[in-house]
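Chain by chain, the residues:
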Amino acid sequence: MEKYTLLPEQLLYEGTISESVFFAPEPLPEAAILRTHTPGYWHKLKTNTLDRKEARAIGFPMRPELIARGRVIAQGTLDCARIAFREGVALNIAGGTHHSFAERGEGFCVFNDIAIAANELLHSGEISKALVVDLDVHQGNGTAKIFEHEPRVFTLSFHGEKNYPHRKTTSDLDVGFPDKTGDAEYLARLYEVLPNVLDRERPDIVFYLSGVDILATDKLGRLACTLDGCKERDRFVFQTCYDRNLPVSVSMGGGYSERLATIIEAHANTYRVAEGIFG
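Not measured: the values here are computed from a predicted model.

1. Regarding helix 3 (residues 39-46)
Inference 1: Among all positions of helix 3, only Tyr41, Trp42 and Leu45 are buried. Projected onto a plane normal to the axis of helix 3, the buried residues spread over an arc of 95 degrees and lie on a single side.
Inference 2: With its phi angle positive at about 55 degrees, Asn48 sits one or two positions after the end of helix 3.

2. Some thoughts on the packing of aromatic side chains
Inference 1: Throughout the structure, instances matching the rule amount to 9 aromatic pairs.
Inference 2: Taken together, the aromatic side chains of Tyr208, Phe238, Tyr242 and Phe278 make up a single cluster linked through ring pairs.
Inference 3: For Arg69, the ring lying beneath its charged end belongs to Tyr4, and the centroid distance is 5.2 Å.
Inference 4: One Lys or Arg, Arg104, reaches over the ring of Phe101 and ends 3.8 Å from the middle of that ring.

3. Some details on the packing of helix 1 (residues 3-14) against helix 10 (residues 260-278)
Inference 1: Contact geometry of helix 1 with helix 10 gives a least axis separation of 10 Å together with a crossing angle of 55 degrees. The orientation of helix 1 relative to helix 10 falls into the category oblique. Two packed elements cross with a definite hand, and for helix 1 against helix 10 that hand is right-handed. Contacts from Lys3, Leu6, Leu7, Gln10, Leu11 and Glu14 in helix 1 reach Leu260, Ile263, Ile264, His267, Ala268, Tyr271 and Arg272 in helix 10.
Inference 2: Class assignment of the residues belonging to the contact of helix 1 with helix 10 gives a composition of 8 nonpolar, 2 polar and 3 charged.

Calculation criteria
- Residues numbered from 1 in each chain as written.
- Predicted model: local features only at pLDDT ≥ 70, side-chain atom pairs only at ≥ 80, totals over all residues.
- Heavy atoms only, no water.
- Buried < 20%, exposed > 50% of the residue type's maximum accessible area, 1.4 Å probe, protein only.
- Helix = DSSP H or I, 4+ residues; strand = E, 2+ residues; numbered from the N terminus.
- Arc of directions from axis to C-beta.
- Phe/Tyr/Trp six-rings, centres within 6.5 Å; stacked < 30°, edge-to-face > 60°.
- Lys NZ or Arg CZ within 6 Å of the ring centre and 35° of its normal.
- Axes fitted to C-alpha atoms, helices over the stretch in contact; angles between N-to-C directions.
- Parallel < 35°, antiparallel > 145°, perpendicular 65-115°, else oblique.
- Left-handed = near helix turned anticlockwise from the far one by under 90°.
- Contact = heavy atoms within 4.5 Å.
- Nonpolar A, V, L, I, M, F, W, Y, C, P; charged D, E, K, R; others polar.

Any functional reading would require information that these geometric values do not contain.
Printed below as a string of structure tokens:
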């Protein structure tokens, strides 16, 4: 949890960003929640009446402050999308809660911020097609399930094949990697897959989940990518979208290396590369 404070401090300290580019989201309105999550699930969240099994699947002690935080994070991803239409890219310090389903949460995910943002933009008519590029090491099972019958949202997931969740859902395109996959194999697949998907699907916006748990140092990742490889991954995603004039809304996703400094450096690289490409 410390990374959410330390990452912006590091970016400000080094001059990658300035205070003027920060924005503070308001809590997500109930109507937007209900365009993605079921009324029953939302009622349990707002009344703090999830049963013990449901709360255990999420993994947090459930309390009103957690729900309030989730609403702000989800609104932040929606705000990022709208800012990206103007600026080319916008990044949420948090977000990437891709294990949340319409009717339940799991894996430390309460609301599904990317699904909420995509559904809201589709509802308002601001977009006709969205593409989710989920490069967190864990499959975006909740996002895939939410959009399994929605042709206007294409879900692409790169993940550890044997990692959580052990029972995968089906994305529009899943690319699973064996344990210990390193930079060369990972990046080769990214170079091959991403441009083809973008050119075929022709989305109006890309939602990029830039989890840094692909690192060899990650306690939960099981892959073997380096900091440089993770940075090159970000560069390729941003450059490929920039070359196609596609706005990118970024959610940070996971990162669980032993050294907090490694997590901050990897996430900071995402911002540095975005700044370098989009200015």
